[in-house]
Structures are given as C-alpha cells and as structure tokens.
Amino acid sequence: MHGSDRPRKSFGGVSSFAFAALLGGNIALAFGPLFVRLADTEAHVGPVAAAFWRLALAAPVLLLLTRGSGQSIGRIGKAMVAAIALGGIFFAADLGSWHLGILKTKLANATLLGNSASLIFPLYGFLIARTWPTRGQSLALLLALAGGVLLLGRSYELSHQNLIGDLLCLLAGFLYTFYLIAIDRARASLQAWPVLALSTIAGILPLLLFAKLLGETVWPQAWGPLIGLALGSQLIGQGLLVFAMGHVRPLVTGLAFLTQPVVAAAIGWALYGEALAPLDWLGVALIAAAMVLVRRPATDPLPPAD
C-alpha cells in the first residue's frame, strides 16, 4: 500500500472504506446519462464532444489533486506507460460509443447494455486468479443478473428504432472492460490519482479528433451540463472507482456496477415520474442481496480452473 492510499479496516473480506468508495463512485456515475442528455439539449454539443469536455475539464483538476495529495507520478516504466495510455484510449472509445448510444436509444437500454462490464470484468478476475467462482460468488452473480433483468425488464425495449443505439452501448460495455483491466493492472503499482490523471489525459485527444470527424459542435453554448459531467462522472465517479480498484476484487467491482441501474431508476422516478413497479423493487432487493453476499470471505472455493 502507499501512504494515503491505504485501505481502512476490513469487514467481511473487503475494506469497508473501499467498498463505500466503490458504491459512491457508481452512484455518481449513474448521473452521467442525464448530463449527456442535458449537454445535447442545453449546451448544444455533440455526444462525443461532451465526452471530450468531460475529460478536458477534469484533467487539470486531477493533476492538481495528484500533486496536492503527494501521490507523485514519479518514474514509471515503459510497460506501465503503455498500459495506462492503452487504458485511456479504451476509455475514450467507450465514452464515445456510449454517449452516441445514449442519444439513439432509451435511457434504460443505455444503462443496461453500457454496464455489461458488470458480468465481463469478474470473469477476468477469475481468469487471473486461475480459480472458479465460489458457491457464494456464483449465487451473488446470479442474484445480480436476475435483479438487473427485473429492474429494467419492464422498460427495456428492443426495436429497429433503438438497434443502432443498443449496439453502440453494448460495444461501450466491452470497451469499458478493457479499460478496467488496464486500470486494475496499473493500480497494482501506482496510486489512484496518478492513474486516473494519466488515463484521463490519454483519452482527450482521441475524443476531440473523433468529435471533429463526426462533424459535431464542440464549443458549448452553456457550461453547466459539461461541468456536471466532468465533476460528477470523471472526478467523483471515476476517482472513487479507481481508488477502490486498488483494494477490492474484480467480482466486487463488477457487481457494484449494477447499482447504477438502481440509481438510474430512482432518477427516472424523481425527475420523469417513472414509477417503480413491485418487480422493480424485487430487482433492487436482489441486487442488494448480491452486494451483501459478495462481501463475505471466500470460504467455499470450487476446484481451481485448469
């Protein structure tokens, strides 16, 4: 561990402080689609341009936080530089695809498909650990999957009209998985702020070029939605997520992503009057049960993977 990046007292096999940071980060990230919509209607910038401003506005603040926290970037090897740069490029591709998809499909579709990493990233964790999930972990995965399907099943809609947006959001979920893998590797030897600052900087130029190639309006007519996107999603959301990834297992990280649909449903209820049905509440309960299960120590491992 490194100085201020040391986790707090552990409870149930997962640092309580890191677990709280993980949940807090996902709650902040759940507001991202709302700010993307507002950037389109109020700031009048394109979705990829909004992603560019998300990173560009956050980068100077992240560099200041890196310096102020004493988490020096220092000298890092070429392999680490390549890993962080590649992670930043994957993150830029993820944001570009997801932001485009948000405006081309229903918000529920974008939230569900964009968080497909919730099931893919844990598989990476089991692969590097060369073990199968325990019975408790398998149950947590099943509960989380069932909860996510129930929560969004009533509003999820497959149609020709949404097809392009759905595919873009699904692609974003896969790209986000590769970003998470790169960040997980970087967090093995670097502290949170340097990793987030460097990966953010690496994604700025690709997003600007992509926005220009698409012919999007880049300069905004209003800054509020873009500042909200940079502050809520990149500084708070990704900041807490990257910190937590140094202390929690990929399975816990992946399942925590499913709290985003829960928060998105609450936003829909509060702002747009989208009432939650009994099955929605059951989905919330299943996801909550999965998050409780996944914090328990692994005491019933299955045989190692071949």
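Residues numbered from 1 in each chain as written. Predicted model: local features only at pLDDT ≥ 70, side-chain atom pairs only at ≥ 80, totals over all residues. Heavy atoms only, no water.

What the protein contains, in helices and strands, is 13 helices and 2 strands. In the protein, which comprises 306 residues, the proportion classed as buried is 51%. Considering only intrachain contacts with a sequence separation of at least 6, the fraction spanning at least 24 residues in the protein is 91%. (Helix = DSSP H or I, 4+ residues; strand = E, 2+ residues; numbered from the N terminus. Buried < 20%, exposed > 50% of the residue type's maximum accessible area, 1.4 Å probe, protein only. Contact = heavy atoms within 4.5 Å.)

This next bit is on the environment of Gly114. Structurally, Gly114 can be placed in helix H5 (residues 107-114). C-alpha separation for the pair Gly114 and Phe174, spaced 60 residues apart in sequence, amounts to 8.3 Å.

In this structure, Tyr176, Tyr179, Leu180, Leu207 and Leu241 are the most contacted members of the largest nonpolar core, which totals 77 residues. When residues in this core are grouped by element, the largest group, 11 residues, is from helix H3 (residues 47-68). Contact partners of Leu207, with chain neighbours within four places excluded, come to Val48, Ala51, Phe52, Leu55, Ala92, Leu95 and Gly96. (Core = buried A, V, L, I, M, F, W, Y, C linked by side-chain atoms within 4.5 Å.)

Next up on the list: the packing of helix H4 (residues 78-102) against helix H8 (residues 163-186). Interhelical geometry of H4 versus H8 gives an angle of 160 degrees and a closest axis separation of 7 Å. As judged from the angle between their axes, H4 and H8 are roughly antiparallel. By crossing handedness, the relation of H4 to H8 is classed as left-handed. Its residues placed into classes, the contact of H4 with H8 shows 19 nonpolar, 4 polar and 2 charged. (Axes fitted to C-alpha atoms, helices over the stretch in contact; angles between N-to-C directions. Parallel < 35°, antiparallel > 145°, perpendicular 65-115°, else oblique. Left-handed = near helix turned anticlockwise from the far one by under 90°. Nonpolar A, V, L, I, M, F, W, Y, C, P; charged D, E, K, R; others polar.)

Another point: unusual backbone geometry. Positive phi, normally seen in glycine, also occurs at His44, with a value near 60 degrees. Within the secondary structure layout, His44 lies in the loop between helix H2 (32-43) and H3. Using a relative accessible area of 39% as the deciding quantity, one classes His44 as partly exposed.

With that settled, the discussion passes to the environment of Ala288. Assignment of secondary structure puts Ala288 in helix H13 (residues 278-294). When the C-alpha positions of Ala288 and Leu258 are compared, they lie 9.5 Å apart, and in sequence the two are 30 residues distant.

Attention now goes to the packing of aromatic side chains. Tallied over the entire structure, the rule returns 11 aromatic pairs. An angle of 20 degrees between the planes, with centres 5.4 Å apart, marks the rings of Phe121 and Tyr124 as stacked. Within this pair, Phe121 and its partner Tyr124 are both found in helix H6 (residues 117-129), separated by 3 residues, close to a single helical turn. An identical accessibility class is assigned to Phe121 and Tyr124; each is buried. Seen in terms of ring centroids, Tyr176 and Tyr179 are 5.5 Å apart; in terms of plane orientation they differ by 25 degrees. Their pairing is stacked. Of this pair, Tyr176 and Tyr179 both sit in helix H8, 3 residues apart, roughly one helical turn. Judged by its relative accessible area of 8%, Tyr176 is buried. Three or more aromatic residues joined by ring pairs make a cluster, and in this case those are Phe52, Trp53, Trp219 and Trp223. (Phe/Tyr/Trp six-rings, centres within 6.5 Å; stacked < 30°, edge-to-face > 60°.)

Taken N-terminus to C-terminus, the directions of H2 and H4 make an angle of 70 degrees; their axes are 10 Å apart at the nearest point. Taken together, the axis directions place H2 and H4 in an arrangement best described as roughly perpendicular. In this structure, the crossing between H2 and H4 has a hand that is right-handed. Within the contact between the two elements, H2 uses Pro33, Val36 and Arg37 and H4 uses Trp98, His99 and Ile102. In terms of residue class, the contact of H2 with H4 is built from 4 nonpolar, 1 polar and 1 charged.

Here the focus is the confidence of the model for the protein. Put simply, the protein has an average pLDDT of 81, and 84% of its residues get 70 or more. Every residue in residues 299-306 is under pLDDT 50, and counting partners more than four places away or in other chains gives 16 contacts. (pLDDT = per-residue confidence, 0-100.)

Turning our eyes to something else, we now look at a nonpolar patch on the surface. A grouping of Trp219, Trp223, Ile227, Leu231 and Ile236 is seen on the molecular surface, where their side chains present a nonpolar patch of about 520 Å² in accessible area. By the element assignment, Trp223 lies in the loop between helix H9 (192-213) and helix H10 (224-244). For Trp223, a relative accessible area of 31% puts it in the partly exposed group. (Patch = residues over 30% accessible without salt bridge, like charges linked within 9 Å, V, L, I, M, F, W, Y side chains within 5 Å. Areas by Shrake-Rupley, 256 points an atom, 1.4 Å probe, with all protein chains shown as cover. Salt bridge = Lys/Arg side-chain N within 4 Å of Asp/Glu carboxyl O.)

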